[in-house]
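Observations on the three-dimensional arrangement
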Amino acid sequence: MRLFVSEGTPGSLPVLAAAGRVRGRIELLINTVGPEECVVPFLTRPKVPVLQLDSGNYLFSTTAICRYFFLLSGWEQDDLTNQWLEWEATELQPALSAALYYLVVQGKKGEDILGPLRKALTHIDQSLSHQNCPFLAGETESLADIVLWGALYPLLQDPAYLPEELGALRSWFQTLSTQEPCQRAVETVLKQQGVLALRSYLQKQPQAHPSEGKVVSNEPEEEELATLSEEEIAMAVTAWEKGLGSLPSLRPQQNPVLPVAGERNVLITSALPYVNNVPHLGNIIGCVLSADVFARYSRLRQWNTLYLCGTDEYGTATETKAMEEGLTPREICDKYHRIHADIYHWFNISFDIFGRTTTPQQTKITQDIFQRLLTRGFVVQDTVEQLRCEHCARFLADRFVEGVCPFCGYEEARGDQCDKCGKLINAIELKKPQCKVCRSCPVVKSSKHLFLDLPKLENRLEDWLGKTLPGSDWTPNARFIIRSWLRDGLKPRCITRDLKWGTPVPLEGFEDKVFYVWFDATIGYLSITANYTEQWERWWKNPEQVDLYQFMAKDNVPFHGLVFPCSALGAEDNYTLVKHLIATEYLNYEDGKFSKSRGVGVFGDMAQNTGIPADIWRFYLLYIRPEGQDSAFSWTDMLLKNNSELLNNLGNFVNRAGMFVSKFFGGYVPEMVLTPDDQRLLAHITLELQHYHQLLEKVRIRDALRSILTISRHGNQYIQVNEPWKRIKGSEADRQRAGTVTGLAVNIAALLSVMIQPYMPTVSATIQTQLQLPLQVCSVLPIKFLCTLPAGHQIGTVSPLFQKLENDQIESLRQRFGGGQLEESLEFKAKASPKSTVVETVTAGLQQIQVLMDEVTKQGNIVRELKAQKADKNQVAAEVAKLLDLKKQLAVAEGKPLETPKGKKKK
């Protein structure tokens, strides 16, 4: 990979310092270029620093580049570091930019420079002192330290701007500044000129102003439209004019779907849900829903796509569940397989196959892989000490033992892995073990078992990873987890268990044992495909022609990224292995975890009975998808996102565009005569569409959803500025303008209906029916914005797409799914006041939030209109001030923190 930096560019400092962490670990070529040199071919303006990855993709953000280097070095992300990075971007940078501008460009000194920064510097000092740690996030240097050091160094290297009373800050700054990577970065970027080296860079920047009192909010900011070249505008107009003629032909339907030579063949799996429980929202977003979005997108790109999943049905958990319910293991599997299938059907998951692992094909393929591993010397025998529950009269599967983690002391560690520290555990290593079924203390007994010799396969795995990871879209957490395993050294892993319900072991002396579920569960993908088509090997023994994408939560990464690849590589049968491993973090529920036993959280079978359509659930789960860190489901936030992003933004725009066609033009799309402003809008829509493609191709599902909402906001603003409802009553020129605006708007709505199909398929189909879109338009997502509804096209009946979620409705659902956690909370509050008062207070708060949200939307429209009309600056400033005040009130009402992070939370 290549890193492009420039002398005198502030962002190059932290990037070079972070690059020092991976020296010797990766091949990194560092190029020093001029500040005006365009190193990225598709950008119209120079941008440095830039990291060009081996795949040919680029990272532009200073923080993103630094994060990438830290992740490669084995650093593990944490919440406190992310809080510091957010604070750096929203609080420190505005103040620092102003201070540097005053010093270098305007020649000011002393308090004029220190004044804007004093609050931020004091905050860093107090945080370091309060934690009593040498670094911002703890005892060791983190990403936050390097990013903040790089930002502050040009100023703080002058002792005059590093107040003596801020001792903790001085110590922190000096510690980092003496490190070799930081010193090399300073020499490269500042060239012994100090802060004056930044003069050329700062002179080209707009005058910065400190953001004193600015509210930090998660709500979308007003979009700044990108600067466009004449060439980009001309290309967008040309694409628009080609219209339907430039769409590719639809792929012929196959049954069964099989790889086609010369085409892109995409095989998608989502982690097989365990059959003995009902999936909650976190399970759904973690695998099946995320994979469904990508599968639908893949089909819209006309890629040859097969999406499969199924229930994982073998193991002790099934036997135990069967005992609890008085059924046989087969009956329990049949029952819960139907429950899973019904839930995913309601969520509109577009599986090509939803199968199960308790089939003859599973036995045949698993035993074949085992025999191939055995004959090649990759299976060894050993005696294992296991935990046996004498009360239940059975050996305990690892997940049915709980105890204290021997590594971190977590008190609810499972017998195979600790959910807190992530380390793998042998069940007998647990301190104070308990049988999860009867809570008695198990005893240690010996049993003969088979092991997969992972150390013997380690070199093959390393070679495969070395070829696969560059250019692939493995998520950072997946890369980190696999590298952690390899760094610690692989150990033989037991692949058999003393159970009855499982795949039989075809070896003399082991007839009473079955394969451990983690060995054969991933083979379930192959057997499910084999039950779908006899030609399953064309997918699973065809790595040259098949791109395999696998979706899961991060706890499943070792089995998909290490165990199955080792098994397949050892079997030496040309198996298709994962090319893109997509792992999410965890989704929590409100302030805690999902718990079926405590009635906390929404589970798949419950969502259907809330009165909220499946597409709204899909939208919100994808909006908060835990891509880079854990996220949390919030009822209040769901109400706000539905009412603001769907009802007021997307739904409002699509409905207005269609209604104008019906009301003003008799249901027929009018003639469009594009002005230069319209042509620029075409180019902006095309840029955002291309950004959407870039994000989804990299499986950044949550971020791509933002592109849809951005286009919708552009459309609302376009209608608001041009006011077709007024122009239709004016002169001939005004009526023609109203027609152009309406025609362009309804074409944007048509594009949005296709872009949103992977996320909200029912809403997508509803829009397409209302606009009477041709089948070809509904089935293909172009790279550029096309005119798909030409003048004269007749649309259908237009009606609202979304319903407002009401405060009392949401509060009722919050209580219903709050379980014991909510009851305890209300019980505690009831000691001081009647229960009804508590509920009324919460409901009143939601009503206030809704009113403020509507006011923010209204005021935002006023500001946009004034800007579009190029109104007097003082008038605009006054209205912007009102908008910021409303946003601040809204943030307070929502309970969002306005203060910066204070350090680690006490446990």
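Conventions adopted
Residues numbered from 1 in each chain as written. Predicted model: local features only at pLDDT ≥ 70, side-chain atom pairs only at ≥ 80, totals over all residues. Heavy atoms only, no water. UniProt positions renumbered as here; feature names shortened; annotations may be inferred. Pairing = 2+ DSSP bridges. Helix = DSSP H or I, 4+ residues; strand = E, 2+ residues; numbered from the N terminus. Buried < 20%, exposed > 50% of the residue type's maximum accessible area, 1.4 Å probe, protein only. Contact = heavy atoms within 4.5 Å. Phe/Tyr/Trp six-rings, centres within 6.5 Å; stacked < 30°, edge-to-face > 60°. Lys NZ or Arg CZ within 6 Å of the ring centre and 35° of its normal. Axes fitted to C-alpha atoms, helices over the stretch in contact; angles between N-to-C directions. Parallel < 35°, antiparallel > 145°, perpendicular 65-115°, else oblique. Nonpolar A, V, L, I, M, F, W, Y, C, P; charged D, E, K, R; others polar. Expected span 1.5 Å × (residues − 1). Bend = angle between axes of the 7 residues up to and from the residue. Left-handed = near helix turned anticlockwise from the far one by under 90°.

As recorded in an unreviewed UniProt entry, the chain goes by Methionine--tRNA ligase, cytoplasmic and comes from Dipodomys ordii. You can read under Sequence similarities (unreviewed entry) in the UniProt record for the chain the words "Belongs to the class-I aminoacyl-tRNA synthetase family." As stated in UniProt under Function (unreviewed entry), the record for the chain gives "Catalyzes the specific attachment of an amino acid to its cognate tRNA in a 2 step reaction: the amino acid (AA) is first activated by ATP to form AA-AMP and then transferred to the acceptor end of the tRNA. Plays a role in the synthesis of ribosomal RNA in the nucleolus."

**What about the sheet that holds strand β13 (residues 443-452)?**
On the basis of which strands lie adjacent, the open sheet formed by 4 strands has the order β9-β8-β13-β14 and antiparallel pairing. Looking at the sheet topology across the chains shown, the edges are occupied by β9 (394-395) and β14 (493-494). Inspection of the sheet shows β13 paired to β14 by 2 bridges, in the antiparallel sense. Counterpart to L452 in the pairing with β14 is R493.

**A word on the environment of K491**
You can see K491 is positioned in the loop between α15 (476-488) and β14. Taking relative accessible area as the criterion, K491 reaches 51% and is therefore assigned exposed. Here the alpha-carbon distance between K491 and P455, two residues 36 residues apart in the chain, equals 5.8 Å. Those residues within four positions of K491 in sequence are excluded, and the remaining contacts are L454 and P455.

**Section: the packing of aromatic side chains**
A full pass over the atoms with the stated rule returns 30 aromatic pairs. Among the aromatic residues, those joined into a ring-pair cluster are F294, Y297, W303, Y549, F551 and Y692. It is R388 that lies over the ring of F395; its NZ or CZ is 5.4 Å from the centre. In this structure, R706 is placed above the aromatic ring of Y623, and the distance from its NZ or CZ to the ring centre is 3.9 Å.

**Details of the sheet that holds strand β5 (residues 265-270)**
Read from one edge of the open sheet, 5 strands run β7-β6-β5-β17-β18, paired in parallel fashion. Edge positions in the sheet fall to β7 (353-356) and β18 (580-584), since each has one partner strand and no second. This sheet shows a mean twist of 20 degrees between the axes of neighbouring strands, independent of strand direction. On top of the sheet, helix α17 (residues 524-532) reaches β5, β6 (304-311), β7 and β17 (546-553); it is set at about 110 degrees to β6, its chief contact.

**Overview of the packing of helix α4 (residues 111-131) against helix α6 (residues 167-177)**
Running from N to C, α4 and α6 cross one another at 85 degrees; their axes reach a closest spacing of 7 Å. Viewed along their axes, α4 and α6 adopt a mutual orientation that is roughly perpendicular. On the side of α4, the interface is formed by L121, I124, D125, L128 and S129, while α6 contributes G167, A168, L169 and W172. Looking at the contact of α4 with α6, its residues break down into 6 nonpolar, 2 polar and 1 charged.

**Describing helix α19 (residues 557-571)**
In this model, α19 (15 residues) spans 21 Å end to end at C-alpha, consistent with the 21 Å of a helix rising 1.5 Å per residue. In the structure, α19 departs most strongly from a straight axis at P565, where the bend amounts to approximately 25 degrees. Across the 15 residues that make up α19, a large majority, 14, are buried. Count one or two residues on from α19 and you reach E572, which has phi positive near 55 degrees.

**Some points on the packing of helix α13 (residues 360-375) against α17**
Running from N to C, α13 and α17 cross one another at 135 degrees; their axes reach a closest spacing of 8 Å. The angle between the axes of α13 and α17 places the two elements in the oblique class. As α13 packs across α17, the resulting crossing turns out to be right-handed. Touching Q361, Q362, I365 and I369 of α13 are G524, L526, S527, A530 and N531, all from α17.

**Details of the environment of G489**
You can see G489 is positioned in the loop between α15 and β14. With relative accessibility at 26%, the residue G489 sits in the partly exposed group. Taking the C-alpha atoms as reference points, G489 and L454, separated by 35 residues in sequence, lie 9.4 Å from one another.

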